[in-house]
Amino acid sequence: MPEKTPKLIQLLLSKTPKVYQPAVAHAVFPALATHLCQVRFCYTDNVEHEATLMNCLMAGTGAGKGCIDKPIERIMADIEYRDKENERREAEWKKDCQKKGANKDKQLRPEGLVIQIIDPDMTKPALVTRMDEAEGHFVYVKLNELDLFEQLKGATGKQHFQLMCLAFDSDATYGQTRIGTQSVTARPMCRFNWNACTTVLKGRRFFRNVLTDGPISRINFCTIPDQEIGAEQPIYGRYDSAFDEALKPYIDNLVSARGLIDCPQAYKLAKKLQKECAETAQLNQNETYWNLSHRAIVIAWLKACVLYVANGQKWERSIEDFIRWSLHYDLFCKMIFFGNRIEAANSGEDSRVGAHGPVNLLTKLPDVFTTEDAKRVRLKEGKTTEGTKKMISQWKTRGFIFQLTVDSFQKTDKFKNKTLCGET
C-alpha cells in the first residue's frame, strides 16, 4: 500500500491488522457509496455515473475474510438505524393486513419505507420492492458467501449475473412485470451496491460460465495473502465512540451531497490511468488485461470521487497514489484469479489455464534485439507472430525502444528507468 493514504482510509484502517489492510481498503467503498443519493459524476467519455461499486473478497479458507465486517458495520450504522424504524412500520402494516384478510378497508402500504440494507436471503420480488421504494437511494447487501447470489438466478440461471451488470451500468433498470394484483410489478433504477466473500476455488467456480460476459470486469476484487504456518495471530483494535465520532463528518458529507458533482482532479487522474494502462497493455501485448482495464479504471475513478465527496469536496494529494494502487491491485487480482481462464475462454482452449498475470514481453528481450527475437518471445508466451511488427511499432511510439538497423532495436533509458522503478 502507499505510505500515505487519504484521511478517511487511514481512519477506516486504524483498527485493522496490517495483513488485512489492503482488503479492507477496497471493501469499504460499496458501503461508503451507498450513502450517496442521486449524486452523479461525469467520466472522461462524458457519460454520467453514480457510485455503483461492488466488491468481492477472494481468499483462502481461514484467511480472515471477516476483517471487513466491523469497518462496514460502522459505516452502515446510520442507515441500519433508520432501516430498523421502517422495518417496524412495515411489520405493523403486514400484521394489520393479516388481521383484515381480504377486507376492503385494510391499509395501503405505508409511504416512505426506505430500507436500504437487504437480507442475504433476498428474492427478486423483495429486491425489486426495496429498489422501487428507495427514493433514489442505493440498496445494499453484504454476503458472507458469494453463492448466496444464486437465489436470484431465475429460470435462465443467469439473472444474478445480469443483475451485477445492470448494477454497474448507467441508468439501467431492474424489475419484473406480473399480471396478478398481489404480485410485484415495477422497473426501478438499478441502484445496488454489495460486498461478498468467497474462497478462490468457489469464486472461480461461481464465475466459470460467465468469464467473458461482463460481471468480472464490473466488480472490484481483493484478496488476503496466505500466512506462513505458525504465524502470529493478527490483533484488531477496538471500535469505540471516538472512532464513530471521527467517521461521522465523512458520512454526513456523503449523505448531504446531491446532483452532478465535478471533481477535476479525479477526471485528470482517470486520464492518466488510461494512458498508464494502455502502456502496460502494449508492453504485455495482453488483450485480456487491456479489456479488463477499461472498467477497472472507471471503478478506481468512482472511488476517487467518493473520497472527494466524503472529504467535503476537497482533494487530498494522497488520493492519487491510493487510487493508482487500488487500480493495479484490482487488475492484479483479476488477472491472477481469472486472466488465463478468460483468455482460454476467448480462444476456446479450455485447457490453457495458469496462475500468472500479464507478462511484460520487452523485459524478456535483451537490451539489443531483432525482430526474430521478438517473434520467439511471443511464441514462448503463447502468442502468434502476426502481431510482432505492430508490437515493435507501439514500443517505438512510446519511446521504449529505438531502431538501430532495419531489423534490430535497442531499449531506451526511459524503459529501463520505468523497469527499475517497478512501473512495468
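Report follows, based on the coordinates. Everything quoted here is computed from the prediction, not taken from an experiment. (Residues numbered from 1 in each chain as written. Predicted model: local features only at pLDDT ≥ 70, side-chain atom pairs only at ≥ 80, totals over all residues. Heavy atoms only, no water.)

### Brief notes about the sheet that holds strand β8 (residues 368–370)
Stated formally: Here a strand pair is declared whenever DSSP counts at least two bridges between the two strands. Each helix corresponds to a stretch of at least 4 residues labelled H or I by DSSP, and each strand to a stretch of at least 2 residues labelled E; elements are numbered beginning at the N terminus. Inter-axis angles, ranging from 0 to 180 degrees, are taken between N-to-C directions of lines fitted to C-alpha atoms, where helices are fitted over the stretch in contact. Should any heavy atoms of two residues lie within 4.5 Å, those residues are considered in contact.
Strand order in the open sheet formed by 3 strands is β8-β10-β9, with antiparallel pairing between adjacent strands. Of all strands in the sheet, those with a lone pairing partner are β8 and β9 (401–405), marking the two edges. Averaged over all pairs of adjacent strands, the angle between their axes in this sheet comes to 35°, without regard to strand direction. Running at roughly 80° to β8, helix α14 (residues 371–380) makes contact with β8 and β10 (408–411) of the sheet. Sheet strands touched by helix α15 (residues 388–398): β8, β9 and β10. Its angle to β9, the strand with the most contacts, is close to 115°.

### Examining the packing of aromatic side chains
Let me state the cut-off plainly: Two aromatic rings from Phe, Tyr or Trp, using only the six-membered ring of Trp, form a pair when their centres are within 6.5 Å; if the ring planes differ by under 30 degrees the pair is stacked, by over 60 it is edge-to-face, and anything between is tilted. Working definition: with a 1.4 Å probe on protein chains only, accessible area under 20% of the residue-type maximum means buried, over 50% means exposed, and in between means partly exposed.
Applying the stated criterion across every chain yields a total of 19 aromatic pairs. Between phenylalanine 207 and phenylalanine 338 the ring centres are 5.7 Å apart and the planes differ by 85°, which places this aromatic pair in the edge-to-face class. Pair noted here: phenylalanine 207 is in helix α8 (residues 200–207) and phenylalanine 338 is in helix α13 (residues 317–347), with a separation of 131 residues, a long-range link. The pair phenylalanine 207 / phenylalanine 338 is uniform in exposure class, with both members buried. Ring geometry for phenylalanine 369 against tryptophan 395: centres 6.3 Å apart, planes inclined by 80°, an arrangement best described as edge-to-face. Separated by 26 residues along the polypeptide, phenylalanine 369 in strand β8 and tryptophan 395 in helix α15 bring together distant segments of the chain.

### Quick look at the packing of helix α12 (residues 287–310) against α13
This is how the line gets drawn: Left-handed describes a crossing whose near helix is turned anticlockwise from the far helix through less than a right angle; right-handed describes the clockwise counterpart. Amino acids outside the nonpolar list (Ala, Val, Leu, Ile, Met, Phe, Trp, Tyr, Cys, Pro) and the charged list (Asp, Glu, Lys, Arg) are all regarded as polar, and Gly is one of them.
Contact geometry for α12 and α13: axes closest at 9 Å, N-to-C directions at 150°. Viewed along their axes, α12 and α13 form a crossing whose handedness is right-handed. Across the contact of α12 with α13, the residue classes break down as 15 nonpolar, 5 polar and 4 charged.

### Concerning the nonpolar core
Condition: We call a set of buried Ala, Val, Leu, Ile, Met, Phe, Trp, Tyr and Cys residues a nonpolar core when their side-chain atoms join them within 4.5 Å.
Judged by nonpolar contacts, the single largest core of 110 residues is most densely connected at Leu32, Phe41, Leu127, Phe149, Phe192, Trp194 and Phe207. Residue contacts for phenylalanine 41: discarding those within four places in its chain leaves Leu36, Val47, Glu48, His49, Ala51, Leu260, Ile261, Trp301, Leu302, Cys305 and Val309. Leu361, Leu365, Met391 and Ile392 belong to the second largest nonpolar core, which has 15 residues in total.

### Side note on α12
Keep this limit in mind: Here the expected length of a helix is defined as 1.5 Å per residue gap, with one fewer gap than residues. Take the seven residues that end at a residue and the seven that start at it, fit an axis to each, and the angle between those axes is the bend at that residue. The term polar contact refers here to a pair of N or O atoms within 3.5 Å; inside protein, the definition further demands a hydrogen-donor-capable atom paired with an acceptor-capable atom, and it admits residues adjacent in sequence only when both atoms are side-chain atoms.
Counted at 1.5 Å a residue, the expected span for α12 with its 24 residues is 34 Å, and the 35 Å between its end C-alpha atoms agrees. The largest bend in α12 amounts to roughly 35° and is located at serine 293. Burial of α12 is extensive: 19 of the 24 residues sit out of reach of the surface. Capping of α12 at its N-terminal end is provided by asparagine 286; its side-chain oxygen lies 3.0 Å from the backbone amide nitrogen of threonine 288. Of the residues flanking the end of α12, it is glycine 312, one or two places downstream, whose phi is positive at about 75°.

### Some points on the environment of leucine 292
Looking at where leucine 292 falls in the secondary structure, it is placed in helix α12. Relative accessible area serves as the criterion here: at 5%, leucine 292 is assigned to the buried category. Each C-alpha atom of the pair leucine 292 and serine 217 lies 5.4 Å from the other, and the pair is 75 residues apart in sequence.

### Observations regarding α15
Quick reminder: α-helices carry 3.6 residues per turn. Residues three or four places apart thus point the same way. The following threshold applies: What the arc covers is the set of directions going from the helix axis to the C-beta atoms.
Within α15, the full set of buried residues consists of Thr388, Met391, Ile392 and Trp395. Projection of α15 onto a plane perpendicular to its axis shows the buried side chains occupying an angular sector of 95°, all on one side. Projecting away from the buried face of α15 at angles above 90 degrees are the exposed residues Lys389, Lys390 and Thr397. Taken together, the buried residues of α15 touch α11 (264–284), β8, α14, β9 and β10. One or two steps after α15, the chain reaches glycine 399, where phi turns positive at roughly 80°.

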